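Commentary on secondary and tertiary structure
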Amino acid sequence: MTVDAKKPQQSAFDPLAGDLRQLVVRGAVVIYASQAARLVIQTASLIVMSRLLMPADFGLLAMVTPVYGLALMFQDLGLTQATIQRPQINVAQITAMFWVNVSIGCGLAILLALIAPAIGWFYGDARVTNLTRGFAALIVLSSLAAQHLALINRRMHFSFIAALDVVAFVLGVLGAIPLAILLRNYWALFALPLITALVTLVGAWVGTGFIPGLPKRERNMRELLHMGGGVTGFNVFGFIARNLDNVLIGQAWGNVALGLYDRAYKLLLFPLQQLSTPLARVMLPALARLQHEPDRYRVVYLRALQQLLIVTQPAIVFTIATADTLLPVLLGEPWRGAAPIFKWLGLAAVQQPISATTTWLFVSQGRSRAYMYFGAFNAATSAAAFFAGLPWGPMGVAAAYSITQITLRMPVMWWMATRRGPVKLRDLLDTAAPHAAASMVALLAVLLLRYAVPLDSVLGLAVGLLASYAAALLTLGVIPSGRAMLRESISFIGIVRRDGGAYSGPPAGT
C-alpha cells in the first residue's frame, strides 16, 4: 500500500477532532486556572522583588523593555498568527516560517547589541547599555520557540500550554529571587525573563516533537507573509501605544518616576493581559475553525467574553477603590506615590477585557489590513495623549491616556471590529451592560466597606476583594441576562468535571 509521506505531518498540524464546545470550555478553564496560579505567583514575586530592590532598578528595566518589545514585533512578523489561523498548513510552510523567524531574530539581536550604546546615551545611563545587550540574547531564544508554540496552540493542546507557561514562570521566579538577595540590583530582574525563555524553548520543542529541516524556498510564503504583515503592523503600532509612555517618562522625569509608573501599570493592566492573552490561545484556533459558521462563531465569542468579564471586572473595581492602601500594604511605603497613577489607569482597565477580545475578531477572520489600520489610529491617538500629559509627570500621562481611551479609542475599536463578521456592535453593548451595572454596585460596596472598616491590612484587603465579587455576582443574579451568564459559568464547570483536557504528548508523525 502506498502512503503519502506528507499526510501524517499535515494531519498532525491540524486542530484536534472532537466537540469544539468542549475543547473551548476545557481550554478556557485550564487557561484560567493556570493564569490564576501564575497571577498569584507573579503578585507574590512582585511584592518580594519590590521589597528587595528599589524603584530605580525597575525603572532601568522599563527603559530597555520598549526597545526589546519592538524587536520582538519584527522578529515574529505575525507568522505565528498565520500558523494558527490558516485552515490547512504543511511541513514545508512551517519549516520555512521557522527559518524566517530565526533569521530575523538573529539579525535583530545583532542590531540591538550594536545600538545598545546609543540607547544608554539617550537615557544618560551606561547601565542601560549592558542591559540592552542582555535582552538581545532573549530575541534569539524567542525566535527559536515561536513556531513550535504556535503549533501547540493550533492543535489546541491547552493543558500543555498552561503547564509550560506556569512551570517556566515559576522557575524564573525561583532563579530571580535569590539573585535579588545576592546582587540587590537590576540584573535580578533580567534573570526572570531569561530563565523563563530558556524553559519555554525546551518545553516547546519537546511538546511538538517537531524538528525543522534545512531551509528551503516555499512558494506559498507570500500569502503567509501577507497575513502576518497585517498582524505585525498592528503589533508595531500597539507597541508604540504601550511603550512610548515609558520612553517619554524615563527621558523627561528619570528612572524613579518611571519605576512608579511602571509598577502601577504592571499591577493593574498587566494582570488583565495575563488573562486575556492566554485566553486568546484558546479562542483564536476555535474561532478560526468557525469562520464559515457565523451563528456558532458569534455564540462562542460572546460566551468567552462573558466569562472573562465575570472573572475580571470585580477585581478591577476593587483595585481602583483601594489603591491608596493596596500599594503601600503590598509593596511598602516607597510605592505610595504610585497610587494616583494606579487610579487613573484603572479608568482604562475597566474596558480592557472587551477591547482585548475584539482583536480575536480581526485575526480569526483574517482581517489583517483593518487590524493594522486600527493599530495606526491607536498609536497616533495614544502618542498624542502621552505628549499632552507629560508636563504633569506620570500621573498626567496616565490621566490623558485613560480619558482618551474611554472617549475615543474604545468606541472606534468596537465599531471597526464589528463592521464585518458575525459579531455586531449591539452584541458587545448587550454583553457589557449588565457587567457595567454590576461593577458600579461592586464599587459602591467596597467604598461603603472602607468607610465602615479600615482596609489597611492584607486581611482587610482580602475581605474587600471578596465583597467586590459578592456584590457583582449578586447584581448579575437579579438581571435576567446576568443570570444566563452565571448559568453558563456553571455549565462550563460541569463540562470540565465530566471530561478532563489532559495533554497526551506530541502528535504521531512529528
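Counting restarts for each chain, with residues numbered from 1 along the sequence as it is written. Reporting of local features is limited, given that this is a predicted model, to residues whose pLDDT is at least 70; pairs of side-chain atoms are given and counted only at 80 or more, and all residues count toward the totals for whole chains, interfaces and linings. Side-chain metrics rest on all non-hydrogen atoms present in the structure, leaving aside hydrogens and water.

1. Things to note about the overall build of the chain
We apply this condition: Secondary structure elements follow DSSP: runs of H or I no shorter than four residues count as helices, runs of E no shorter than two count as strands, and numbering proceeds from the N terminus. Here's how the labels work: a residue is buried when its accessible area is under 20% of the maximum for its type, exposed when over 50%, partly exposed in between, all with a 1.4 Å probe on protein chains only. Residues count as neighbours in contact if any of their non-hydrogen atoms are within 4.5 Å of one another. The protein chains shown are the only cover counted for residues, whose accessible areas, like all others here, come from Shrake-Rupley with a 1.4 Å probe.
Within the chain, the regular secondary structure consists of 19 helices and 0 strands. A total of 510 residues make up the chain; the buried ones form 55% of that total. Counted over contacts in the chain with a minimum sequence separation of 6, partners at least 24 positions apart contribute 84%. For the chain, the computed accessible surface area is about 21600 Å², with 69% contributed by carbon and sulfur atoms.

2. Considerations on the packing of aromatic side chains
So the rule is basically this: Ring geometry is summarised as follows: Phe, Tyr and Trp rings, the Trp one being its six-membered ring, pair when their centres sit within 6.5 Å, and such pairs are stacked at plane angles under 30 degrees, edge-to-face over 60 and tilted between the two.
Evaluation of the coordinates by the stated rule reveals 12 aromatic pairs. The interplanar angle of 75 degrees and the centroid separation of 5.9 Å between the aromatic rings of phenylalanine 98 and tryptophan 205 together place this pair among those described as edge-to-face. Of this pair, phenylalanine 98 sits in helix H5 (residues 91–123) while tryptophan 205 sits in helix H8 (residues 187–208); the two residues are 107 residues apart in sequence, bridging distant segments of the chain. A ring pair is formed by phenylalanine 386 and tyrosine 401, whose centres lie 5.8 Å apart and whose planes are at 25 degrees; its orientation type is stacked. With phenylalanine 386 in helix H15 (residues 368–389) and tyrosine 401 in helix H16 (residues 393–417), this residue pair connects regions lying 15 residues apart in the sequence. Classification of phenylalanine 386 by relative accessible area gives buried; the value is 0%. In textbook terms, an aromatic cluster arises when at least three aromatic residues are bridged by ring pairs, as seen for Tyr68, Phe135, Tyr186, Trp187 and Phe190.

3. Details of the nonpolar core
Our working rule: Working definition of a nonpolar core: buried Ala, Val, Leu, Ile, Met, Phe, Trp, Tyr and Cys residues. They are joined through side-chain atoms within 4.5 Å.
Residues Met49, Phe135, Leu331, Phe342 and Leu345 are the most contacted members of the largest nonpolar core, which totals 74 residues. Apart from residues no more than four positions distant in its own chain, phenylalanine 135 is found in contact with Leu61, Val64, Thr65, Tyr68, Leu112, Phe190 and Pro193. Within the second largest apolar cluster, 37 residues are counted, among which are Leu164, Phe362, Met416 and Ala432.

4. Some thoughts on unusual backbone geometry
Note: most residues except glycine have negative phi, and most peptide bonds are trans. The phi angle at arginine 184 is positive, at roughly 55 degrees, despite the residue not being glycine. Structurally, arginine 184 is set in the loop between helix H7 (158–183) and H8. Here arginine 184 falls in the partly exposed class, since its relative accessible area comes to 46%.

5. Side note on a nonpolar patch on the surface
Stated precisely, the cut-off is as follows: Excluding any residue in a salt bridge, patches collect residues exceeding 30% relative accessible area, merging like charges within 9 Å and nonpolar Val, Leu, Ile, Met, Phe, Trp and Tyr side chains within 5 Å. Any carboxyl oxygen of Asp or Glu within 4 Å of a side-chain nitrogen of Lys or Arg constitutes a salt bridge here.
On the surface, a cluster of nonpolar side chains totalling about 400 Å² of accessible area is made up of Ile110, Leu111, Leu114 and Ile115. Structurally, isoleucine 115 can be placed in helix H5. Residue class for isoleucine 115 comes out partly exposed when judged on its relative accessible area of 35%.

6. With respect to H8
What counts is decided by this rule: The span expected for a helix works out to 1.5 Å for each residue beyond the first.
End to end, H8 covers 32 Å across 22 residues, agreeing with the expected 32 Å (1.5 Å per residue, within 8%). Of the residues flanking the end of H8, it is glycine 209, one or two places downstream, whose phi is positive at about 70 degrees.

7. Describing the pattern of salt bridges
If you walk through the whole model with that rule in mind, you get 6 salt bridges. The salt bridge involving glutamate 293 is made with arginine 296; its shortest N-O contact spans 3.1 Å. The exposure class of glutamate 293 is partly exposed, given its relative accessible area of 33%.

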